[in-house]
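A closer look at the structure
Residues per chain, in single letters:
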Amino acid sequence: MTRVILGLIAILLCALGSAQTEESYMDPAVAQEYEIGGITVSGTKTTDANAVRLFTGLQVGDKLTIPGEKITKAITNLWEQKLFSDVSIEAAEIRGRTIFLNIIVVEKPRLSRWKYTGITKNEGEKLDEIHDLLRGQQVNDALISTTSNAIRHYFVDKAFLKAKVTVVELNTDSMLPNSVQLNFVVKKGKKVRIKEVIIEGNELVKTSRLRRAMKKTKQKRWWNPFASSKFDSKEYQADKARLIDVYNEKGFRNATILSDTNYFVSNKRIVVKLNVYEGAMFHFRNITFTGNNKHTSAELASILNINKGEVYNKKLLDSRIYMNPAGGDISSLYMDDGYLSFYPDPVELLVDGDSIDLDIRIREGKQYRIRNVIIKGNTKTNEHVIRREIRTKPGELFNRSYVIRTQRELSQLGYFNPETLGVNPIQDPRTGTVDLEYTVEEKPSDRLELSGGWGAGRLVLSVGLSFTNFSLRNMFNKAAWSPLPAGDGQTLNLRAQTNGRFFQSYNLSFVEPWLGGRKPNALSFSIYHSAQTNGVDKYVSTADGRVANPLRQALQITGASIGLGKRLTWPDDYFILRQTIAYQNYALNNYVTGGGTGASFGFSNGTSNVLTYQFQVSRNSVDQPFFARSGSDISFSVKATPPFSSFQPNRNYAELPSDQRYKWAEFHKWKLTTVWYNKLTNSKSGHNLVFMTRAGFGFLGRYSNAIGNAPFERFYLGGVPISGFQLDGREIVGLRGYADYSLAPVAGNFVISKYTAELRFPVSLNPSATIYTTLWGEAGNTWSTFDKFEPFKLYRSAGLGLRLFLPMFGPMGLDYGWRLDDVPDQPNMARGQFHFTIGIDFGEL
């Protein structure tokens, strides 16, 4: 205000000294009116003079009263820009009733650069991401204060509660006039942890239960060195709400936190102290419904399923009324029938003593039909691939369950980031229709596999190409190759494995998930060939020329399969029926093992053929492929050959040599596997603690006692060998903590069971690198006959591990397992061992 008055006085003095013709004397106490004849600006260096004139609101030709409000307003406008450290307006000249104004400003300095002192380079790069400093912007008190506070809060969130930030202005940049460099001097101090969380006033709920409810505000415990005990003010506020939720769930609806504080007990420790008021425990009494026309009160009461006298639990009440992710609530009943604008409002009618009467007021609204289904974000996947997975169809009533199922199906495709899948219902109340807008974010799904693993006592290297969103119909469309034709949801896999001269394997497979494009009938096809030898050359040179090498041992396996999968509608449409016909040819040439026999074949020279039909029924409701949080995957399969021996009942198979007895192998194989996922914690960010349980059982049987057990498809258990490794027709199942194949005889076994339990927690849910940790325990065993099967005689192990999924390379795993049981005749097996694979899943039953 002082500057405004001084400006007015300066104008008056200039006016008095300049009056020549009409006014020889001007009384400062008498207002005089002038017309602005011109406006000049002085003192600007980087600010445009025209902008300064514009800021004042004054224009040439305006009428101006001196003294008056216009000059005052003009100076105020300039100050509000926060660009200047000094502002004044003077009368440069007065000609009669025409006045010429000169605006004088002193610009604030501009920012040339900034730096940090007292922190690391990496911390400085992090700070650059949280503030809004730009080179060339005006430096003012607000900018300095805002930036300093942002820096301090960054370190406070990192548990440096005593962090201080001071700012030093340095005038060192000659290249940018009127500029300064800001040096942010950071003194972090020591990292502060919570020594203790004290809760007072609680008598009916244990302190330990209340502390567990505070997810992020934890006191330091010696027995849990990995638990974070830093103090985060934002998380602390959320934890106080969680603490009250515990009381509300137990009926204490009036519970509140009377006071809370935190104080330092040392330079590195604070104590958090809360004082709670529990109040009385309340119960439900009478619950009524009003406004419901579609469904009777009895129907709604059966879904609510809260009886008179139960403890008043607000969380339970909300889950029975509102959006329960698993369905089964009142809102789902209406919204699955088109009532998109349905809204229930539970109102407490009466609080009588410790009892509460509720009236749930229903606003049903109108039924909405789907008008348009819109898809956004698909930059690679063709729209028809997405639309065939969408359960919500135009013309049908809106159905919330179908929307949730659609999101699950799109996630299962593996083409989109499951964390960002979204749906936006756009309602049109006038017509009673709704447009559903599904948003997807493409993620890399094709994989180049360059991996290594241990199999057959040797290092096996693999190279594979997996195109999971392939387009066969565009193979001959030159424009579609970028780098390969994609977008139709087909899968093409190419893989080669080798360890040099001893082993080679080649595999090609193709899957069309929607054969014909109208129904989810999947057609699959594969061919493969593998060869393993003792490394000896196939031919040797003799005096008679090149002849077959008698020292060479070789096994060649060639096979092909074709399958058809169909999604069933009963009992529900999570069920899938798969049928596969496969053929394998085993060619043995002097093939023996250390024991002098042809592995489990019983012969060393000859061929064997395996023709199988596999029938599999599975139900998969897992929410997403890699880091699943909910759902289950249950599978039952039977794989069998024709009973060839029954076609020649008079033939004495017992007296035939093994190569003739197994010319056409026969067996039947039964398998049952179950996997369940359950979230133990709920987090809006998706970082949930998940409990996974798995159980598997397998049995390999025979048709004829005369022929005996088949030499193929036998079970091998132990370690983490390479899954999918076509060694000699065996099925390999991993059991971490033990050596590879150590829990089955050399020739394999015929009955197997395995059980696994895992706690999983994600480190990163970024689609470009998904990582989660595991704490696991598992047990399993194999038996030679079903009569010897003992479900509780198992080899047990426990350990921890890390899983990583890179879109380009697929899944990777690192585990350390401790075996808890000794294995007969293997005294030198290590008690604990690492298991590491790249690009290949662990063998599972």
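A brief look at the structure comes next. (Residues numbered from 1 in each chain as written. Predicted model: local features only at pLDDT ≥ 70, side-chain atom pairs only at ≥ 80, totals over all residues. Heavy atoms only, no water.)

1. A look at a nonpolar patch on the surface
Note the cut-off: Only residues above 30% relative accessible area that lack a salt bridge enter a patch, with like-charged residues linked at up to 9 Å and the nonpolar side chains Val, Leu, Ile, Met, Phe, Trp and Tyr linked at up to 5 Å. All accessible areas in this document rest on Shrake-Rupley with a 1.4 Å probe, and a residue is counted as covered only by the protein chains that are shown. Here a salt bridge means any side-chain nitrogen of Lys or Arg lying within 4 Å of a carboxyl oxygen belonging to Asp or Glu. Helix and strand assignments follow DSSP, with helices taken as H or I runs no shorter than four residues and strands as E runs no shorter than two, numbered in order from the N terminus.
A surface patch of nonpolar side chains, amounting to about 970 Å² of accessible area, comprises Leu465, Leu494, Leu508, Phe525, Ile527, Ile562, Ile581, Tyr583, Leu611, Tyr613, Phe615 and Trp664. For the nonpolar patch, the secondary-structure elements that each account for two or more residues are strand 21 (521-533), strand 25 (575-589) and strand 26 (606-620). With three residues, the top contributor of residues to the nonpolar patch is strand 26.

2. Looking at unusual backbone geometry
How we decide: Partly exposed describes any residue whose relative accessible area lies between the buried limit of under 20% and the exposed limit of over 50%, with all areas from a 1.4 Å probe on protein chains only and scaled to the type maximum.
Cis geometry marks the peptide bond from Trp570 to Pro571; its omega dihedral reads 0 degrees. Positionally, Pro571 belongs in the loop between strand 24 (554-567) and strand 25. With a phi angle near 55 degrees, Asn590 is a residue other than glycine that sits in the positive phi range. Among the residues examined, Asn590 registers a relative accessible area of 27% and is labelled partly exposed. In the Ramachandran plot, Glu713 falls in the positive-phi region, its phi being about 65 degrees despite a non-glycine side chain. Given a relative accessible area of 10%, Glu713 falls into the buried group.

3. Section: the nonpolar core
For the record, the criterion: In these notes, a set of buried Ala, Val, Leu, Ile, Met, Phe, Trp, Tyr and Cys residues joined through side-chain atoms within 4.5 Å is what counts as a nonpolar core.
Leu555, Tyr586, Leu588, Phe601, Tyr738 and Leu743 are the most contacted members of the largest nonpolar core, which has 29 residues in total. Elements with a minimum of two residues in this core: strand 24, strand 25 and strand 30 (715-717). Residues Val192, Val205, Leu243 and Val246 belong to the second largest nonpolar core, which totals 23 residues.

4. Some remarks on the sheet that holds strand 9 (residues 256-264)
The pairing of strands in a sheet comes from backbone hydrogen bonds and takes either a parallel or an antiparallel form. Put simply, the rule is: A strand pair is defined by DSSP finding two or more bridges across the two strands. For helices, the axis comes from a line fit to the C-alpha atoms of the stretch in contact; other axes are also lines fit to C-alpha atoms, and the angle between any two N-to-C directions lies between 0 and 180 degrees. By definition, residues are in contact when any of their heavy atoms lie within 4.5 Å.
Read from one edge to the other, the open sheet built from three strands follows the order 8-10-9, with strand pairing classed as mixed. What marks the edges here is a single partner per strand, and that holds for strand 8 (193-200) and strand 9. Geometrically, the sheet is characterised by an average inter-axis angle of 15 degrees between neighbouring strands, direction not taken into account. The pairing of strand 9 with strand 10 (residues 269-277) spans eight bridges and is antiparallel. Looking at the pairing, Phe264 lines up with Ile270 of strand 10. With respect to the sheet, helix 7 (residues 233-249) is in contact with strand 8, strand 9 and strand 10, its orientation differing from that of strand 9 by roughly 140 degrees.

5. A short note on the packing of helix 4 (residues 121-128) against helix 5 (residues 141-157)
To keep things clear, this is the line we draw: For classification purposes, angles smaller than 35 degrees are called roughly parallel, those larger than 145 roughly antiparallel, those between 65 and 115 roughly perpendicular, and all remaining angles oblique. Left-handed is the label given to a crossing in which the near helix is rotated counterclockwise from the far helix by less than a right angle, and right-handed is the label when the rotation is clockwise. Under the grouping applied here, Gly and all other residues not named as nonpolar or charged are polar, the nonpolar ones being Ala, Val, Leu, Ile, Met, Phe, Trp, Tyr, Cys and Pro and the charged ones Asp, Glu, Lys and Arg.
Where helix 4 contacts helix 5, the axes come no closer than 11 Å and their chain directions differ by 120 degrees. What the angle tells us is that helix 4 and helix 5 run oblique. The two elements helix 4 and helix 5 cross, and the hand of that crossing is right-handed. Counting all contacts with helix 4, which are made through Glu123, Lys126 and Leu127, the residues of helix 5 involved are Ile151, Tyr154 and Phe155. Residues of the contact of helix 4 with helix 5, tallied by class, amount to four nonpolar, no polar and two charged.

6. A look at the sheet that holds strand 16 (residues 433-439)
Strand order in the open sheet formed by three strands is 14-16-15, with mixed pairing between adjacent strands. Single-partner strands in this sheet number two, and they are strand 14 (369-376) and strand 15 (422-428). Taking each pair of neighbouring strands and ignoring which way they run, the sheet shows an average axis angle of 20 degrees. Two strands pair when backbone bridges link them, and strand 15 and strand 16 are joined in this way by seven bridges, in the antiparallel orientation. Bridge pairing in strand 16 places Gln427 opposite Val434.

7. Description of the pattern of salt bridges
Across all of its chains, the model carries 43 salt bridges by this definition. Glu409 serves as the salt-bridge partner of Arg405, at 2.6 Å between the closest nitrogen and oxygen. Here the residue Arg405 and the residue Glu409 both occupy positions in helix 12 (residues 400-413), the gap between them amounting to four residues, near one helical turn. Judged by relative accessible area, which is 9%, Arg405 ranks as buried. Between Glu713 and Lys639 there is a salt bridge, with its nearest N and O atoms 2.9 Å apart. Placement of Glu713 in the loop between strand 29 (690-701) and strand 30 and of Lys639 in strand 27 (residues 631-640) is noted, with a sequence separation of 74 residues between them. Lys639 shares its class with Glu713; the two are buried. A single salt-bridge network, built from bridges that share partners, covers Glu389, Arg391, Arg405, Arg408, Glu409, Arg567 and Asp573.

8. Let's talk about the packing of aromatic side chains
The condition that has to hold: Each pair of aromatic rings taken from Phe, Tyr and Trp, with Trp reduced to its six-membered ring, is defined by centres within 6.5 Å and is described as stacked if the planes are under 30 degrees apart, edge-to-face if over 60, and tilted in the remaining cases.
Counted under the stated rule, the structure contains 27 aromatic pairs. Taking the centre distance of 5.7 Å and the plane angle of 85 degrees together, the rings of Tyr247 and Phe252 count as edge-to-face. Neither residue differs from the other here; Tyr247 and Phe252 are each classed as buried. Joined through ring pairs, the aromatic side chains of Phe697, Phe699, Trp783, Phe786 and Phe789 make up one cluster.

9. Quick word on the packing of helix 2 (residues 49-56) against helix 3 (residues 69-80)
When two helices pack together, their arrangement is given by the angle between the helix axes and the distance between those axes. Axis separation between helix 2 and helix 3 bottoms out at 7 Å; the angle between their running directions is 125 degrees. For the element pair helix 2 / helix 3, the angle class is oblique. Touching Val52, Phe55 and Thr56 of helix 2 are Ala74, Asn77 and Leu78, all from helix 3. Of the residues that constitute the contact of helix 2 with helix 3, the class distribution is four nonpolar, two polar and no charged.

10. So, the side chain of Thr217
Mapping Thr217 onto the fold places it in the loop between helix 6 (207-213) and helix 7. Residues within four places of Thr217 in sequence aside, it is in contact with Ile194, Val197, Glu235, Tyr236 and Asp239.

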